[in-house]
Amino acid sequence: MGLFLKIFIPFLGGALAFYFYSAPQSFNEEMLRGKRVIVTGASSGIGEQMAYHLARMETHLLLTARTEAKLQKVVEQCLELGAASAHYISGSMEDSSFPEVVVKEAENTWGGLDMLILNHIGYSGGFGFFNGNVGQVRTLMETNFLSYVAMTTAALPMLKESEGSIVVVSSMAGKTSSPLSASYSATKFALDGFFSSLRQEFIMDKVNVSITLCILGYINTESAVRAVSHVIRATPAPKEECALEIIKAGVLRQQELHYPPWVMGSMVLLRGIAPEFLDYIIRSSYNMENVKR
């Protein structure tokens, strides 16, 4: 084991250094001025912070989430921060017709779209052992996966015209197996499979619409902290910085963003070269004494 670590740790460090520092692109806020952007799940957490960053960059915003009162406050703040315009439409992504309603609102308001940021999420059932509730899986698939597909399908004609970008906010739970999140993880693996395949098709068909898949770790949003802080032995990363990195990755048309970068990047590499070791690390980070069975 000692020899393995002596060889493995320098190799991992070198691979990570190459991965993160080879030919970085530069981001300029001017790239977003006047752009038309939809942000889902924008009433709190990462979505709210993305809305504020985008407002400072003088974009046109259409925000959506379940809670109208929260959205109203976010829109007011966006206008104060300098958004070129800011509107909202409230509703639930469990309603299969709602994604098309949101996209139609953008079309009627702007006549086009430059960036679609898919960030909404459902946690139905919470964080714990899978209890055999298939209905819960279906509900989560509707919110966390199928609505993403529906919104993308509806928005694609406008995005093709503007040669725009699709940003999909996902999770490390969609890259490697994690305990206590079977239903949630299934929806995130589905996102990775669908949008990574769609990106390949775009490239083959010469469709100039980028797809950025954002692989996030533990972020200090209220919902995440409430759901997992009693179980996971880790310090959450700041949502404000995370939101900005997501925007940068979308503008620079990156295929994937890993945030926090070193933690998520290491896990992605380990998944390919030492999957059992990665599984051990993941299990070791859980405080199972606080988990109800």
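Below: a short report on this structure.

Reading the values: the criteria
Residues numbered from 1 in each chain as written. Predicted model: local features only at pLDDT ≥ 70, side-chain atom pairs only at ≥ 80, totals over all residues. Heavy atoms only, no water. Disulfide = S-S within 2.5 Å. Pairing = 2+ DSSP bridges. Helix = DSSP H or I, 4+ residues; strand = E, 2+ residues; numbered from the N terminus. Axes fitted to C-alpha atoms, helices over the stretch in contact; angles between N-to-C directions. Contact = heavy atoms within 4.5 Å. Core = buried A, V, L, I, M, F, W, Y, C linked by side-chain atoms within 4.5 Å. Buried < 20%, exposed > 50% of the residue type's maximum accessible area, 1.4 Å probe, protein only. Parallel < 35°, antiparallel > 145°, perpendicular 65-115°, else oblique. Left-handed = near helix turned anticlockwise from the far one by under 90°. Nonpolar A, V, L, I, M, F, W, Y, C, P; charged D, E, K, R; others polar. Phe/Tyr/Trp six-rings, centres within 6.5 Å; stacked < 30°, edge-to-face > 60°.

## Considering the state of the cysteines
Moving on, step 1. One pass over the structure, following the stated rule, counts zero disulfides.
Moving on, step 2. Looking at Cys-214, it has no disulfide partner, and the nearest cysteine sulfur is the one in Cys-242, 7.8 Å off.

## Things to note about the sheet that holds strand β4 (residues 115-118)
Moving on, step 1. If you trace the seven strands from one edge of the open sheet to the other, you get β3-β2-β1-β4-β5-β6-β7, paired in parallel fashion. Where the open sheet ends on each side, the last strands, each with one partner, are β3 (85-90) and β7 (256-259). The sheet shows a mean angle of 15 degrees between the axes of neighbouring strands, taken without regard to direction.
Moving on, step 2. Here β4 runs beside strand β5 (residues 165-171); their pairing, made up of four bridges, is parallel. In the strand pairing of β5, Leu-116 is matched with Ile-166.
Moving on, step 3. Sitting on the sheet, helix α5 (residues 134-162) is in contact with β1 (36-40), β4 and β5, with an inclination near 165 degrees to β4.

## Let's talk about the nonpolar core
Moving on, step 1. Counting 43 residues, the largest nonpolar core has Ile-38, Ile-166 and Phe-195 as the members making the most contacts within it.
Moving on, step 2. Among the secondary structure elements, those contributing two or more residues to this core are α4 (98-110), β4, α5, β5, α6 (182-204), β6 (210-216), α9 (261-273) and α10 (275-284).
Moving on, step 3. Here this core takes eight residues from α5, the largest share from any one element.
Moving on, step 4. Other than its neighbours up to four places away in sequence, Ile-166 contacts Leu-116, Leu-118, Thr-152, Leu-159, Phe-195, Phe-202, Val-209, Ser-210, Ile-211 and Thr-212.

## Quick look at the packing of α4 against α5
Packed helices, taken two at a time, are described by their axes: the angle between them and the distance between them.
Moving on, step 1. Between α4 and α5, the least distance of the axes is 8 Å, while the angle of their chain directions is 25 degrees. Between α4 and α5, the crossing angle belongs to the class labelled roughly parallel. Seen along the crossing, α4 lies across α5 with a hand that is right-handed. Contacts between α4 and α5 pair Pro-99, Glu-100, Val-102, Val-103 and Glu-107 from the former with Ser-147, Ala-150, Met-151, Ala-154, Ala-155 and Met-158 from the latter.
Moving on, step 2. Of the residues that constitute the contact of α4 with α5, the class distribution is eight nonpolar, one polar and two charged.

## Let's talk about the packing of aromatic side chains
Moving on, step 1. Per the counting criterion, the structure on display carries two aromatic pairs.
Moving on, step 2. Summarising the aromatic geometry, the rings of Phe-145 and Phe-194 are spaced 6.1 Å apart at their centres and angled 80 degrees between planes, so their arrangement reads as edge-to-face. With Phe-145 in helix α5 and Phe-194 in helix α6, the pair connects residues that are 49 residues apart, well separated along the chain.
Moving on, step 3. Overall, Phe-194 belongs to the partly exposed group, its relative accessible area being 28%.

## A look at the packing of α9 against α10
Moving on, step 1. Interhelical geometry of α9 versus α10 gives an angle of 135 degrees and a closest axis separation of 6 Å. Relative to α10, the element α9 is oriented oblique. Here Met-267, Leu-270, Arg-271 and Ile-273 of α9 lie close against α10, whose contacting residues are Pro-275, Phe-277, Leu-278, Ile-281 and Ile-282.
Moving on, step 2. Looking at the contact of α9 with α10 residue by residue, the class counts come to eight nonpolar, no polar and one charged.

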